[in-house]
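As a plain string of letters, each chain reads:
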Amino acid sequence: MVGCPALEGAAVIARRTVRWLDERTASAPYLRKALRYLFPDHWSFLLGEVALYAFLVLVATGIYLTFFFVDSTKEVVYHGGYAPLNGQRMSEAYASVVHLSFGVRAGLLLRQTHHWAANVFIAAIVLHLLRVFFTGAYRKPRELTYWLGVTMLTLALLEAYVGYSLVDDLMSGMGLVIGYSVGLALPFFGENLMNWLFGGMFPGSEQLWPRMYIAHVLIFPILIGLLLGAHLLLVAMRHHTQFRQRRAQTERTIVGVPAWPGQAPRSLGLMVGTAGVLFLLGGLVQINPVWLWGPFHTYSSTNGAQPDWYLGWLIGGLRLMPSFDLTIAGYTLVPNPFWGGAAFPLVVFGFLYLWPWLERRFTGDEAFHNLLDRPRDAPARTGIGIAMVSWVVLVFFAGASDRVFVTFGLSYTGQIWAYRILVWVLPVLFGLVAWRICKELQASESVVHERHEAEAEARLARIQS
Amino acid sequence: MPALPAPGAENVSRIRNAIVSALVLLVGRGRRRPKPEDARIVPAQPAHPAAELAVLALLGLSSLCALGFILVYAFADSLSNATQFLGAALGLALLFLAAALIVVGLKLVPSEEVAGEYPPHEHPYEQQVIAEVLDESGTRFTRSRFFKLGLLGAGGTLGLAILAPAVSFGPLFRVGDFLRTPWRRGRRLVDEHGEPYKASDIAEKNFYLAFPEGVNDEGKEEMAASLVVIRLKPDQLRLPSHLKGYDAHGILAYSRICTHAGCAITLYRAPLFQPDEPKPALVCPCHYSTFDPAAGGTVTFGPAGRDLPLLPVYEDSSGHLRAKGNFDGPVGPSWWGVRLWKAQP
């Protein structure tokens, strides 16, 4: 180190800092463990990280947006930089977003990046969830981690929906009234719940916007942040799962790259890279041009509206339901929007929450699992998972039937009728096919294994003769 | 013949040895022994000058882009595509930095794969201690059942007390609100600017937005205020018996709010000459609930579970359209029990 006095200086400073910190916090033992925490190396483990980094971008861009957004539905007449809306009546909320987009430097960039980050955040969570599901990472001892994750997905969906609604453009108003109607359709308490939340009938009292605002910028983000902290803490306490990529990787022994120096620059790179991609998208790819939709009024709507991708499955569920309310002797018990807008997501999330318990019930598997399955290792789980995924995806596609009609001229009613049947038939079919493929893959692996053994035996016999 | 050592010399040399070794030990204690190479924690690996150069270049590019962002921001008002340039500059600055970090991670820090132990499945000793502490802490309570009841009671009532103020969020048990409409017998139908509609204004194959005369902008937003008004040929009407006389010579005024999910009905399929879908239809663009205006707003397709409410109208002596009464059913999306009620003035 003689030829490199600068590094020597840095090392001395590092030592002094560590000592200073340890003397005051007694944290050196924990820091030492944290530095050498092991990350098994597999690309699919990065999906959860991307979700985390998208969340950070959401918080950072969101804080900037709060300095300009006005959470009020008080009516104003717009006079600003965007000529086509000049002289129109609109809420202060919508006017402030239009102003942010046209009158504030870099305002549009940050707004669009925020919106893109929301889409990527939920996409990353869903992909992470699929990875966790199909590899059995949720099994004992990591059920708590999994349940926290599913809860965060629910909160993220609500958070995104409220954020989308806050803008008060025509599309966001249409989304809000649909959500209101789904709530109203909840049997026994729907009308009271919605009156209570909205401060009265739709479009609600003047307190609705402050309520949604504080939920969007404080309550939901803090809940997500707390659950995120607990989620990461639980991951670290029990350590990461791992695939059996090397012989040394067993249920007792974890093999991976230490947090320092191996993993830290890669993870930081992923964080900065995620932010970079989101800002590129926010600057170059237009998303939700709210000034084109115009302000919301209860008496206006527009055709061909599609929600952000993560609500597409609910639009599909609502559109697929045939016309009926559940009535008993003229008494309405369950109005129609309940089925597609509430029952459908309740079934999907109920499945997600119950799955670890259901699987343990049926397989009787009470063991500890640090090693991950490959999808083929658990054909039943993979089959059921594929069936559930294809169910939700088909309903999602059904929600886009109107676009297919406009683009390809396929009859809308014909598509809806086809989907009403296909969403029940195809998932079963896909599930069975996936199950069969897993079985075949298992069989081909054992064939390969047997062939290798036979070849070795033959070689041995040749040598002996 | 070797000289015999003096008596006691053996003891002297032993003591000397002890002193010397003690001194060596004392002096050597504070001194760091050079570590052999294989005792390092992080393995030594050769330098990689090309990678270092690449990292430096990437960091330089990142700084350039970041400076570019500041420049574009400063002159944003005179640029027509400021958002695109800002996004590209900031995005690239971040991506170059990310690339630099990843080159550092893959090429410049020692690459190592380390094996470690997973934590034990459980800690029986600690579990035992916790259980004992919990057991032994409660021995002074002799009426534990009453205590549990008391705690539950206090906790429950206090919880209710804390939650009670949340009741003020909104009105509860006020179904009446859902049924009230601004429509009265004799109230004129006006357009967006408050101009009254004449029956002769309503043409076939078109549809009109109408409000009750005299409502302000806030009143227009009420679900029960807005109407979609159309004209059909009187011989095309197939109104059910309880809706007979709701039309004014073929002019029909339906609630504009879909009974499914509350969106505004802004699509009208006028009866044209298409052979395959000849029926007229009012359609909600949210979930394509389709209502037949000729048959009193019955649902012909889509998810709506309830007919579209129809407002009875008539043409007064001056030719203006007026409400004859109230809607035939509650307006807007349904709630449980909706069919028990009628729209109220």
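A. Layout of the interface of chain A and chain B. Contact residues are listed per partner, giving 95 residues for chain A and 85 residues for chain B. At the boundary of chain A with chain B, total buried surface from both sides reaches about 7,400 Å², with 63% on carbon and sulfur atoms. Among the residues chain A hides against chain B, the three largest losses belong to A:R105, A:W196 and A:Y299. Together they make up 11% of the total. Counting across the interface, chain A meets chain B through four salt bridges. Across the pair B:E112 and A:R36 runs a salt bridge whose closest N-O atoms are separated by 2.9 Å. Counting residues per element, the side of chain A that touches chain B draws most heavily on helix α10 (residues 259–284) of chain A, at 17 residues. In terms of residue class, the side of chain A that touches chain B is built from 46 nonpolar, 33 polar and 16 charged. Sheet topology note: the strand β4 (residues 253–258) of chain A/strand β1 (residues 114–117) of chain B ladder contains four bridges and is antiparallel.

B. Main features of unusual backbone geometry. Residue and element names in this part refer to chain A. A cis amide bond links F202 with the next residue in sequence, P203, at an omega value of 5°. Within the fold, P203 resides in the loop between α8 (190–198) and α9 (208–238). Residues W260 and P261 are joined by a peptide bond in cis, for which omega reads 5°. Following the sequence through the fold, P261 ends up in helix α10. With a phi angle near 65°, D168 is a residue other than glycine that sits in the positive phi range.

C. Just the nonpolar core, in detail. A:F121, B:L189, B:L227, B:V229 and B:L282 are the most contacted members of the largest nonpolar core, which totals 173 residues. The element that contributes the greatest number of residues to this core is helix α5 (residues 107–134) of chain A, accounting for 14 residues.

D. Geometry of the packing of helix α6 (residues 143–166) of chain A against helix α7 (residues 170–184) of chain A. Residue and element names in this part refer to chain A. Two elements in contact, α6 and α7, have axes separated by 7 Å at closest approach and are oriented at 130°. Accordingly, the angle class assigned to the pair α6 and α7 is oblique. The two elements α6 and α7 meet at a crossing, and its hand is left-handed. Listed contacts from α7 to Y161, Y164 and S165 of α6 are M171, S172, G175, L176, G179 and Y180. Residues belonging to the contact of α6 with α7 are distributed by class as follows: five nonpolar, four polar and no charged.

E. Quick peek at the packing of α6(A) against helix α13 (residues 337–363) of chain A. All names here are of chain A. Running from N to C, α6 and α13 point in directions that differ by 170°, and their axes come no closer than 10 Å. In terms of axis orientation, α6 runs roughly antiparallel to α13. The residues of α13 that touch α6, namely those facing E143, Y146, W147, V150, T151, L153, T154 and L157, are F349, L352, Y353, W355, P356 and R360. Split into classes, the residues belonging to the contact of α6 with α13 amount to 10 nonpolar, two polar and two charged.

F. Spatial organisation of the sheet that holds strand β5 (residues 251–255) of chain B. Residue and element names in this part refer to chain B. Read from one edge of the open sheet, five strands run β2-β3-β4-β5-β10, paired in antiparallel fashion. Edge positions in the sheet fall to β2 (189–190) and β10 (310–311), since each has one partner strand and no second. Relative to strand β4 (residues 227–231), strand β3 (residues 207–212) is paired through four bridges, and the arrangement is antiparallel. Within β4, the position partnered with L209 by the bridge is V228.

G. Layout of the state of the cysteines. Residue and element names in this part refer to chain B. Counted according to the given criterion, the structure contains one disulfide over all chains. Between the sulfur of C263 and that of C286 lies a disulfide, 2.2 Å long from S to S. For the disulfide bridge between C263 and C286, the dihedral angle about the S-S bond is near -80°, and by the sign convention the bridge is left-handed. Here the residue C263 occupies a position in the loop between β5 and β6 (267–269), and C286 occupies one in the loop between β7 (281–283) and β8 (290–292), the gap between them amounting to 23 residues. Residue classification places C286 among the buried residues on the basis of a relative accessible area of 5%. The structure places no disulfide on C258, whose sulfur is separated from the nearest cysteine sulfur, that of C284, by 4.1 Å.

H. Just the domain arrangement of chain B, in detail. Taken as a whole, chain B is organised into domain 1 (42–111 + 123–169) and domain 2 (178–339). A separation of 53 Å is found between the C-alpha centroids of domain 1 of chain B and domain 2 of chain B.

I. Structural view of the environment of B:L67. Residues and elements named next belong to chain B. Note that L67 resides in helix α2 (residues 49–74). For L67, a relative accessible area of 52% translates into the label exposed. Separated by 182 residues in sequence, L67 and H249 place their C-alpha atoms 71 Å apart.

J. A look at α13(A). Residues and elements named next belong to chain A. Helix length check: α13 (27 residues) gives 37 Å between terminal C-alpha atoms against 39 Å at 1.5 Å per residue, within 8%. Taken as a whole, α13 carries its principal kink of about 55° at L354; the proline P356 stands between one and four residues after it. With its phi angle positive at about 65°, G364 sits one or two positions after the end of α13.

K. A look at the pattern of salt bridges. Residues and elements named next belong to chain A. Per the stated rule, a full pass over the model turns up 26 salt bridges over all chains. Notably, a salt bridge pairs D373 with R139, separated by 3.2 Å at the nearest N-O pair. Within this pair, whereas D373 is found in the loop between α13 and α14 (379–398), its partner R139 is found in the loop between α5 and α6, the two being separated by 234 residues in sequence. Residue classification places R139 among the buried positions, given a relative accessible area of 9%.

L. Main features of the environment of A:A118. Take A:A118: it is sitting in helix α5. Distance from A:A118 to A:A160, taken between C-alpha atoms, is 6.6 Å for residues 42 residues apart in sequence.

M. Structural context of a nonpolar patch on the surface. All names here are of chain A. Judged by side-chain polarity, I214, V217, L218, I219, I222, L223 and L226 come together as a nonpolar surface patch covering roughly 580 Å² of accessible area. Following the sequence through the fold, I222 ends up in helix α9. Here I222 falls in the partly exposed class, since its relative accessible area comes to 48%.

N. Examining the side chain of A:R111 more closely. Residue and element names in this part refer to chain A. Summarising the element assignment, R111 is placed in helix α5. Among buried Asp, Glu, Lys and Arg side chains, R111 stands out as unpaired, with D169 the closest opposite charge at 7.4 Å. Aside from chain neighbours lying at most four places away, what touches R111 is L65, V97, L100, S101, I287, N288, V290 and W291.

O. Fine view of the packing of aromatic side chains. Per the stated rule, a full pass over the model turns up 36 aromatic pairs over all chains. Here the aromatic rings of A:Y180 and A:F198 are separated by 5.1 Å at their centres, their planes lie at 65°, and the arrangement is edge-to-face. Taken as a pair, A:Y180 in helix α7 and A:F198 in helix α8 lie far apart in primary sequence, 18 residues in all. A residue is classified by how much of its surface remains accessible, and A:F198, at 8% relative accessible area, is buried. Taken together, the ring pairs connect A:F133, A:F134, A:Y138, A:Y146, A:F351 and A:W355 into an aromatic cluster. Between A:R211 and the ring centre of B:F169, over which it is positioned, the NZ or CZ distance is 4.9 Å. Sitting above the plane of the A:W417 ring, A:R420 keeps its charged end 4.5 Å from the centroid.

Thresholds, definitions, all that
- Within each chain, residue numbers correspond to sequence positions counted from 1 in written order.
- Both sets of labels track the order of writing: A upward for chains, 1 upward for ligands.
- This being a predicted model, a pLDDT of at least 70 is required before a residue's local features are given, and a value of 80 or more before pairs of side-chain atoms are given or counted; all residues contribute to the totals for chains, interfaces and linings.
- Hydrogens and waters are ignored; side-chain quantities use all the structure's heavy atoms.
- Any two residues whose heavy atoms approach within 4.5 Å are treated as being in contact.
- The term buried area denotes the loss of accessible surface (1.4 Å probe radius) that occurs when two parts are joined, taken as the sum for both partners.
- Any Lys or Arg side-chain nitrogen located within 4 Å of an Asp or Glu carboxyl oxygen qualifies as a salt bridge.
- Helix and strand labels come from DSSP, where a helix needs a run of H or I of at least four residues and a strand needs a run of E of at least two; each type is numbered from the N terminus.
- Polar here means any residue outside two lists: the nonpolar Ala, Val, Leu, Ile, Met, Phe, Trp, Tyr, Cys and Pro, and the charged Asp, Glu, Lys and Arg; Gly therefore counts as polar.
- In this description, strands pair whenever DSSP reports at least two bridges between them.
- Take the buried residues of types Ala, Val, Leu, Ile, Met, Phe, Trp, Tyr and Cys, join any two whose side-chain atoms come within 4.5 Å, and each joined set is a nonpolar core.
- Working definition: with a 1.4 Å probe on protein chains only, accessible area under 20% of the residue-type maximum means buried, over 50% means exposed, and in between means partly exposed.
- Axis lines are fitted to C-alpha atoms, over the contacting stretch for helices. Their N-to-C directions set the angle, which ranges from 0 to 180 degrees.
- Here the word oblique covers every angle except those under 35 degrees (roughly parallel), over 145 (roughly antiparallel) and from 65 to 115 (roughly perpendicular).
- By the definition used in this description, the sense in which the near helix is turned from the far one sets the handedness, with an anticlockwise turn below a right angle giving left-handed and a clockwise turn giving right-handed.
- In what follows, a disulfide is any cysteine sulfur pair within 2.5 Å.
- The source of the domain bounds is an automatic or database domain assignment.
- To estimate how far a helix should reach, multiply one less than its number of residues by 1.5 Å.
- Note on bend: at a given residue it equals the angle between the axes fitted to the 7 residues ending there and to the 7 starting there.
- Candidate patch residues must exceed 30% relative accessible area and have no salt bridge, after which like charges are joined if within 9 Å and Val, Leu, Ile, Met, Phe, Trp or Tyr side chains if within 5 Å.
- The Shrake-Rupley method, run with a 1.4 Å probe sphere, supplies the accessible areas, and residue values consider only the shown protein chains as cover.
- In this charge count, Lys and Arg are treated as positive and Asp and Glu as negative; neither His nor the chain ends contribute.
- We call Phe, Tyr and Trp rings a pair once their centres come within 6.5 Å, taking the six-membered ring for Trp, and we label the pair stacked below 30 degrees between planes, edge-to-face above 60, and tilted otherwise.
- The criterion is that NZ of a Lys, or CZ of an Arg, lies within 6 Å of the ring centre and within 35 degrees of the ring normal, and then a charge sits over that ring.

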